[in-house]
Amino acid sequence: MSWGTELWDQFDNLEKHTQWGIDFVEKYTKFVKERTEIELNYARQIRNLSKKYQPKKKEEDENKYTWCRAFHSTLNELNDYAGQHEVIAENMTSQIITELTRYAQELKTERKSHFHDGRKAQQQIEASWKQLESCKRKFERDCKEADRAQQYFEKLDADINVTKADVEKARQQAQMRHQMASDSKNEYSSYLQKFNQEQNEHYYTIIPNTFQKIQAMEEKRIERMGESLKTFAEVDRQILPIIGKCLDGITQAAESIEPKNDSSQVIESYKSGFEPPGDVEFEDYGQAMKRTVSETSLTNSRSDNKADRSSKGKSKTLWPFNKKSKLSLNAHVRNLIEGSNPEDFSHLPPEQRRKKLQAKIDDFNKDIQKEMDQRDALTKMKEVYIKNPQMGDPNSVDPRLAEIAQNIEKLQVEAQKFEGWLAEVEGRMPVKSDPPRRTSVLYETQNSTPPTTNNNNCAQDRESPDGSYTEEPSSEVQSKVQPETAESGDEFDDADEEMLPTIGTCKALYPFDGVNEGTISVTEGELLYVIEEDKGDGWTRVRRNEEEEGYVPTSYVEVFLDSNAKDVFSWRRVFLSEDS
């Protein structure tokens, strides 16, 4: 079926139809563009969602649980899933939107050219028709004038009163009109033949060819629309395998969850290292009833009263916290409220503290190894420069080598500091032995029976009833086992016999001999523990190990105080209530 033969008289309708086809192409292009915007917005929202739930730096410990790792893998796969929707938008933009936009412009230009030719042919045939009508009207007019002239001549010729001259004039006029009519007839006949030829060429050649081109243009447009619709589906189909892999990754992450392993990891994360408390010993308060009558004399009563007062005064000094350590305790409580943690992880139970310190030491060792590798590489580079001066200046490497040496020294100092804390923790880790027994201070004082070695080991890292921890209650045990050979009610005298908690570290800036009593000698660069800061007298109390401690001039050391003291406030409160 050809538009040229079947639709020869539908020029205006074809013009409207082709314009509607171009509008449809632009409408479909707009539809695809909105689809790409939806894909981009969806991908952006998926990425933002994945980013929102990515683990923060403070949540890095979650990676040790398989269910957390599975969720993080799901977030990563979801991020890749969003990327595939971005690919859809990109491919639709390049393969459909850009191509259809360009094609629509070409289609408009081609359509305009075809209809311009058709309209021009239409105008020509209309002009020929008008010319034919003009010739026809002239022929008709000339014929009427000739008839009137002939009738006038015949009228004069029949009238005997008219002169011959008038009759001759009328005859000549009639002949002239007949000649004009004959000429108009010939002209009309000739133009009519010409018009019929033009009309035949217009409707059987020009218009069919023009409409055929328009028909081919329209069929090409429809074919292009079909290709675009197919591409629309293929763009989605191309990313389906990758999306399937993303979903498979989420499924594999879900299948990798191991409940048994995660439950075991909870033990590793929260194991304190303490042993459960043993049985509470029986405290015999009935020994006083076994005394003889002679023991109830006034003298014995006085001595007993004196001993009781001594026992009461002594019991006050058995607690390892005294006025000198109140500053550390208050700072610790304040830091607990503020949420800060000490550098040595002293707020953690021994087992967890050991793991944290070991992890820090491993990090320092990695950094040291990295710096040493850089130093070795620069050293080799310097040797190459020395052998081949044209390659570079050997002295240009020296500043960087010096900087690396300083970095290594700083890292080694930090590593030694943490190794010291680790050695301290490992030395205080409880040794598994017989279950310890709980005894009160009053019962130990009455029986004068020192606790066994196993009790000391367990009490060294004991847990208070409310769940708080202390790492240095060994001084309490030491004070308990000392025989009451003298009366003392002063807390400051017994404070020197206790092992105070460390509140920070310090580095000796200058050597100090420490010849006076109560001082300690230090060497330049030596690292020590601070157990009592300067109270305004210019002296700081430090400790080298569990046996050596003393005072050094504050101006001789650089002090680094921890933000937290030992977490024993609640433990102290419980045992004070027992003493009371």
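Residues numbered from 1 in each chain as written. Predicted model: local features only at pLDDT ≥ 70, side-chain atom pairs only at ≥ 80, totals over all residues. Heavy atoms only, no water.

Stated formally: UniProt positions are given in the numbering used here, feature names are shortened, and annotations may be inferred rather than shown by experiment.
Per an unreviewed UniProt entry, the protein carries the name Formin binding protein 1b and comes from Cyprinus carpio. If you open the UniProt record of the protein and go to Sequence similarities (unreviewed entry), you find "Belongs to the FNBP1 family."

Description of the overall build of the protein
Stated precisely, the cut-off is as follows: Strands here are runs of E lasting at least two residues and helices are runs of H or I lasting at least four, both read from the DSSP assignment and numbered beginning at the N terminus. To sort residues, take the accessible area from a 1.4 Å probe on protein chains only and compare it with the maximum for the residue type: under 20% means buried, over 50% means exposed, and anything in between is partly exposed. Pairs of residues are marked as contacts when any of their non-hydrogen atoms sit within 4.5 Å. Computed by Shrake-Rupley with a 1.4 Å probe, the accessible areas treat only the displayed protein chains as cover when residues are assessed.
Counting secondary structure elements, the protein contains 14 helices and five strands. Here the protein holds 580 residues, and 35% of them are scored as buried. The long-range share in the protein, meaning contacts at least 24 apart out of those at least 6 apart in sequence, stands at 77%. Put simply, the protein shows about 35800 Å² of open surface, and 51% of that area lies on carbon and sulfur atoms.

What to know about the sheet that holds strand E1 (residues 504-508)
The strands making up a sheet associate through hydrogen bonds between their backbones, and the pairing can be parallel or antiparallel. This is how the line gets drawn: Strand pairing is defined by DSSP finding a minimum of two bridges between the two strands. Here an axis means a line fitted to C-alpha atoms, over the contact stretch when the element is a helix, while the angle between two N-to-C directions is reported on a 0 to 180 degree scale.
Read from one edge to the other, the open sheet built from five strands follows the order E4-E3-E2-E1-E5, with strand pairing classed as antiparallel. Each edge of the open sheet carries a strand with a single partner, namely strand E4 (549-553) and strand E5 (557-561). Adjacent strand axes in the sheet meet at a mean angle of 40°, parallel and antiparallel pairs treated alike. Pairing between E1 and strand E2 (residues 527-532): four bridges, direction antiparallel. Looking at the pairing, Cys-506 lines up with Leu-528 of E2.

Quick notes on the packing of aromatic side chains
What counts, and what does not: Only rings of Phe, Tyr and Trp enter the pairing, Trp through its six-membered ring, and a pair is recorded when the two centres are within 6.5 Å. The plane angle decides the type: under 30 degrees is stacked, over 60 is edge-to-face, the rest tilted.
Tallied over the entire structure, the rule returns 15 aromatic pairs. Relative to Phe-115, the ring of Phe-11 has its centre 5.5 Å away and its plane inclined at 75°; by these criteria the two rings are edge-to-face. Residue Phe-11 is located in helix H2 (residues 11-52), and its partner Phe-115 is located in helix H3 (residues 66-158); the two are separated by 104 residues in the primary sequence. Here the two residues Phe-11 and Phe-115 agree in accessibility, since each one is buried.

Some remarks on the side chain of Arg-543
Condition: Whenever a nitrogen or oxygen atom comes within 3.5 Å of another N or O atom, the pair is scored as a polar contact, on the condition that within protein one atom can donate a hydrogen and the other can accept it, and that pairs from neighbouring residues in sequence are kept only if both atoms are in side chains.
Structurally, Arg-543 is set in strand E3 (residues 539-543). You can call Arg-543 buried: its relative accessible area is 3%. Looking at Arg-543, its side chain comes within polar contact range of the side chain of Glu-549, at 3.2 Å.

Thoughts on the packing of H2 against helix H4 (residues 164-255)
Rules: Roughly parallel means an angle under 35 degrees; roughly antiparallel, over 145; roughly perpendicular, 65 to 115; everything else is oblique. Working rule for handedness: look at the near helix, and if it is turned counterclockwise from the far one by less than a right angle, call the crossing left-handed; if clockwise, right-handed.
Look at H2 against H4: their axes get within 11 Å of each other, and the N-to-C directions meet at 15°. Comparing the axis directions of H2 and H4 gives the class roughly parallel. Relative to H4, H2 is oriented so that their crossing is left-handed. When H2 is examined against H4, the residues Phe-11, Leu-14, His-17, Thr-18, Gly-21, Ile-22, Phe-24, Val-25, Tyr-28, Phe-31, Val-32 and Arg-35 are found in contact with a partner set consisting of Phe-211, Ile-214, Met-217, Glu-218, Arg-221, Met-225, Ser-228, Leu-229, Phe-232 and Asp-236.

Description of the pattern of salt bridges
Convention followed: What counts as a salt bridge is simple: a side-chain nitrogen of Lys or Arg found within 4 Å of a carboxyl oxygen of Asp or Glu.
Evaluated as defined, the whole model comprises 26 salt bridges. Residue Glu-106 is joined to Arg-102 by a salt bridge in which the shortest nitrogen-to-oxygen separation is 3.0 Å. Of this pair, Glu-106 and Arg-102 both sit in helix H3, four residues apart, roughly one helical turn. With relative accessibility at 42%, the residue Arg-102 sits in the partly exposed group. Salt-bridge contacts for Glu-532 lead to Lys-535; the nearest nitrogen and oxygen are separated by 3.5 Å.

Let's talk about the environment of Val-397
Within the secondary structure, Val-397 is located in the loop between helix H8 (350-387) and helix H9 (398-428). A C-alpha to C-alpha distance of 8.1 Å links Val-397 and Met-381, two positions 16 residues apart in sequence. When neighbours within four sequence positions are excluded, Val-397 is seen to be in contact with Leu-378 and Tyr-385.

Observations concerning the nonpolar core
Our working rule: Grouping buried Ala, Val, Leu, Ile, Met, Phe, Trp, Tyr and Cys residues that are joined through side-chain atoms within 4.5 Å yields what is termed a nonpolar core.
Core analysis: the largest hydrophobic core is formed by 19 residues, its most contacted members being Leu-357 and Phe-418. When contributions to this core are tallied by element, the ones reaching two or more residues are H8 and H9. Ignoring any residue separated from it by four or fewer positions in sequence, one finds Leu-357 in contact with Asp-344, Phe-345, Phe-418, Trp-421, Leu-422 and Val-425.

A word on H3
Helical geometry note: an α-helix holds 3.6 residues per turn, so side chains three or four residues apart project in the same direction. Selection rule: Multiplying one less than the number of residues by 1.5 Å gives the expected span of a helix. We define the bend at any residue as the angle between the axes fitted to the seven residues before and including it, ending there, and the seven starting there.
Given a rise of 1.5 Å per residue, 93 residues ought to cover 138 Å, and the 134 Å separating the end C-alpha atoms of H3 matches this to within 8%. Its maximal kink placed at Thr-93, H3 deviates by approximately 40°.

Some remarks on the packing of H3 against H4
Stated precisely, the cut-off is as follows: The residue classification treats Ala, Val, Leu, Ile, Met, Phe, Trp, Tyr, Cys and Pro as nonpolar and Asp, Glu, Lys and Arg as charged. All others, Gly included, are polar.
Running from amino to carboxyl end, H3 crosses H4 at an angle of 175°, the nearest separation of the two axes being 7 Å. Classified by the angle their axes make, H3 and H4 are roughly antiparallel. For the contact of H3 with H4, a count of residues per class yields 44 nonpolar, 22 polar and 23 charged.

What to know about the side chain of Thr-210
Here Thr-210 is to be found in helix H4. With residues up to four places along the chain from it excluded, the contact list for Thr-210 reads His-114 and Gly-118.

Concerning a nonpolar patch on the surface
Counted only if it meets this: Patch membership needs two things, relative accessible area over 30% and no salt bridge, and members are linked within 9 Å if like-charged or within 5 Å if nonpolar (Val, Leu, Ile, Met, Phe, Trp, Tyr).
On the surface, a nonpolar cluster with roughly 290 Å² of combined accessible area is contributed by Leu-49, Tyr-53 and Phe-71. For Phe-71, the location among the structural elements is in helix H3. Accessibility expressed as a relative area gives 40% for Phe-71, which makes it partly exposed.

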